[in-house]
Amino acid sequence: MRNIETCISPELIHLHDLTQKTVVVVDIFRASSTMVTALSNGVRCIKPLSDLDECRNYKNKNWLIAGERNGQQAEGFDLGNSPLSFLGNAFAGEKLAMTTTNGTRAISLAEADSEEILIGSFLNLQATVDYLQISDRDVLVLCAGWKGKFNIEDSLYAGALSLTLGWKHDCDATLAMEAVFQQAGENLSFFLEKASHAKRLQNHQLEKDIDFCLELNRYNAVVHLDEGLLKVKPAAAKQRRLSPEGNSLQS
Ligand SMILES: O=C(O)[C@H](CS(=O)(=O)O)OP(=O)(O)O
Ligand SMILES: [Mg+2]
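Residues numbered from 1 in each chain as written. Chains lettered and ligands numbered in written order. Predicted model: local features only at pLDDT ≥ 70, side-chain atom pairs only at ≥ 80, totals over all residues. Heavy atoms only, no water.

Caption draft 1: Spotlight on the overall build of the chain. Within the chain, the regular secondary structure consists of ten helices and ten strands. By its C-alpha atoms, the chain is 50 × 40 × 35 Å across when sized along the principal axes. Long-range contacts, defined here as pairs at least 24 residues apart, represent 74% of the contacts in the chain between residues at least 6 apart. Summed over its atoms, the accessible surface of the chain is roughly 10,800 Å², and 47% of this surface lies on carbon and sulfur atoms. For the chain, the distance from the average position of its 25 positive side-chain charges to the average position of its 32 negative side-chain charges is 5 Å. (Helix = DSSP H or I, 4+ residues; strand = E, 2+ residues; numbered from the N terminus. Contact = heavy atoms within 4.5 Å. Areas by Shrake-Rupley, 256 points an atom, 1.4 Å probe, with all protein chains shown as cover. Lys, Arg positive; Asp, Glu negative; His and termini not counted. Charge placed at Lys NZ, Arg CZ, Asp CG, Glu CD.)

Caption draft 2: Representation of the packing of aromatic side chains. Considering all chains together, one arrives at three aromatic pairs under this definition. Taken together, a centroid distance of 5.0 Å and an interplanar angle of 80 degrees make the contact between Tyr58 and Trp63 edge-to-face. Neither Tyr58 nor Trp63 differs from the other in exposure class; each is buried. Pairing Phe86 with Phe91 gives two aromatic rings, centres 5.6 Å apart and planes at 65 degrees, and the pair type is edge-to-face. According to the relative accessible area criterion, Phe86 is buried, its value standing at 1%. (Phe/Tyr/Trp six-rings, centres within 6.5 Å; stacked < 30°, edge-to-face > 60°. Buried < 20%, exposed > 50% of the residue type's maximum accessible area, 1.4 Å probe, protein only.)

Caption draft 3: Molecular detail of the coordination of the magnesium ion (ligand 2). The coordination sphere of the magnesium ion (ligand 2) contains the protein donors Asp27 (OD) and Phe29 (O), at a distance range of 2.1 Å. No difference in accessibility class separates Asp27 from Phe29, as the two residues are buried. (Donors = N, O, S within 2.8 Å, 3.2 Å for Na, K, Ca; no water.)

Caption draft 4: Seen up close, the site of ligand 1. Taken together, 16 residues lie near ligand 1, and Arg30, Glu68, Asn81, Thr100 and Asn102 sit nearest. The contact in question runs from an oxygen atom of ligand 1 to an N or O atom on the backbone of Phe29, over 3.2 Å. For ligand 1, an oxygen atom lies 3.3 Å from a polar atom in the backbone of Thr101. The fraction of the free accessible surface of ligand 1 (370 Å²) that becomes covered by protein chains is 99%. The biggest single contributor to the shell around ligand 1 is helix H8 (residues 196-203), with three residues. (Near = heavy atom within 4 Å. Polar contact = N/O pair within 3.5 Å; in protein donor to acceptor, adjacent residues only side chain to side chain.)

Caption draft 5: Highlighting the nonpolar core. Counting 36 residues, the largest nonpolar core has Phe29, Leu132, Val141, Tyr157 and Leu161 as the members making the most contacts within it. Listed by contribution, the elements that provide at least two residues to this core are strand S2 (21-26), helix H4 (125-134), strand S8 (138-143), helix H5 (152-165), helix H6 (172-184), helix H7 (188-192), H8 and helix H9 (207-213). Counting residues per element, this core draws most heavily on H5, which supplies six residues. If we skip the residues at most four places from it in the chain, Phe29 touches Glu153, Asp154, Leu192, His197, Ala198, Leu201, Ile210, Cys213 and Leu214. In terms of nonpolar packing, the next biggest core, distinct from the first, is built from 34 residues, Leu79, Ile117, Leu140 and Ala221 among them. (Core = buried A, V, L, I, M, F, W, Y, C linked by side-chain atoms within 4.5 Å.)

Caption draft 6: Expanded view of the packing of H4 against H5. Contact geometry of H4 with H5 gives a least axis separation of 10 Å together with a crossing angle of 50 degrees. When the axis of H4 is compared with that of H5, the two are oblique. Remark: the crossing between H4 and H5 carries right-handed chirality. Contacts from Leu125, Gln126, Thr128, Val129, Leu132 and Gln133 of H4 reach H5 at Tyr157, Ala160, Leu161, Thr164 and Leu165. Tallied by class, residues from the contact of H4 with H5 come to seven nonpolar, four polar and no charged. (Axes fitted to C-alpha atoms, helices over the stretch in contact; angles between N-to-C directions. Parallel < 35°, antiparallel > 145°, perpendicular 65-115°, else oblique. Left-handed = near helix turned anticlockwise from the far one by under 90°. Nonpolar A, V, L, I, M, F, W, Y, C, P; charged D, E, K, R; others polar.)

Caption draft 7: Representation of the pattern of salt bridges. Within the structure shown, the criterion is met by nine salt bridges. When the shortest N-O distance is used, the salt bridge between Lys231 and Asp226 registers 3.6 Å. Overall, Lys231 belongs to the partly exposed group, its relative accessible area being 22%. A relative accessible area of 28% places Asp226 in the partly exposed class. Among the ionic contacts, a cluster of salt bridges with common partners joins Glu116, Arg137 and Lys233. (Salt bridge = Lys/Arg side-chain N within 4 Å of Asp/Glu carboxyl O.)

Caption draft 8: The pairing of strand S7 (residues 116-120), seen in detail. With five of five residues buried, S7 is to be regarded as a mostly interior element. Pairing geometry for S7 and strand S9 (residues 223-226), over two bridges, is antiparallel. Its bridge partner lying in S9, Leu118 is registered against His224. (Pairing = 2+ DSSP bridges.)

Caption draft 9: Just the packing of H5 against H6, in detail. For the pair H5 and H6, the least separation of the axes is 7 Å and the interaxial angle reads 95 degrees. On the basis of the axis angle, H5 is roughly perpendicular to H6. For the pair H5 and H6, the contacting residues are Ile152, Ser155, Leu156, Ala158, Gly159, Ala160, Ser162 and Leu163 in the first and Thr174, Met177, Glu178, Val180, Phe181 and Gln182 in the second.

In structure tokens, the structure reads:
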């Protein structure tokens with residue numbers, strides 16, 4: 001029996017055994033959605049970093065730098081944390097260093113102990129499911145949450161992933177979020193409009209980001225961490241031709 005469990009906050013990661021597992025890091029609003037979008041639109045690779053200054057230093061190495069704190073683009077950075085900035089191959093071929101409030105921190109917490117790290121989002125849900133079905137590892141979904149707290153959108157993704165995988169499991173958090181995802185039905189935007197992060201983004205006039213991040217299966221990319229860099233897994237690169245943006249192949 002393959003197992004899937006959910007860690008609802010990075011603060012609880014020490015309670016989980018990451019060894020031998022695939023850790024799927026998810027930050028629906030917006031870091032993981034942005035990473036999947038950037039790589040599906042031709043960005044060559046992404047270096048996820050927790051620290052603003054460390055990320056800023058990549059500018060001197062001719063990398064593009066994306067930085068966000070509290071929903072706003074950080075000073076001196078080329079880009080913030082909006083997936084929409086990467087549409088249409090605007091940054092195809094670029095190397096991107098990225099730091100965000102929650103998402104990049106969650107990745108760095110998982111990095112030390114896990115066998116394999118994938119980046120999950122609703123945008124590449126089915127591609128991630130297809131990959132996990134043929135791999136032989138158990139799965140831990142690590143929800144980035146918000147500043148250490150639970151948030152509903154990341155945990156909702158865990159429910160969606162688990163239901164789509166259809167594995168038996170004994171994780172109460174996953175079970176709860178399967179039920180919530182089933183209740184949300186097809187209209188995730190409507191369901192999540194009262195979520196705290198959706199309200200924060202609305203305050204910054206980022207409603208379009210919310211709708212985009214909740215789109216299901218826009219991309220066929222499986223995104224993984226490969227020696228500290230996020231890339232599209234080569235086996236999935238071929239499928240990226242099918243994406244609406246019609247990107248060139250790159251991994
Ligand atoms: O940019 C985002 O949407 C958030 C900002 S905050 O958590 O609301 O301050 O960052 P993320 O790391 O994508 O959760
Ligand atoms: Mg978030």
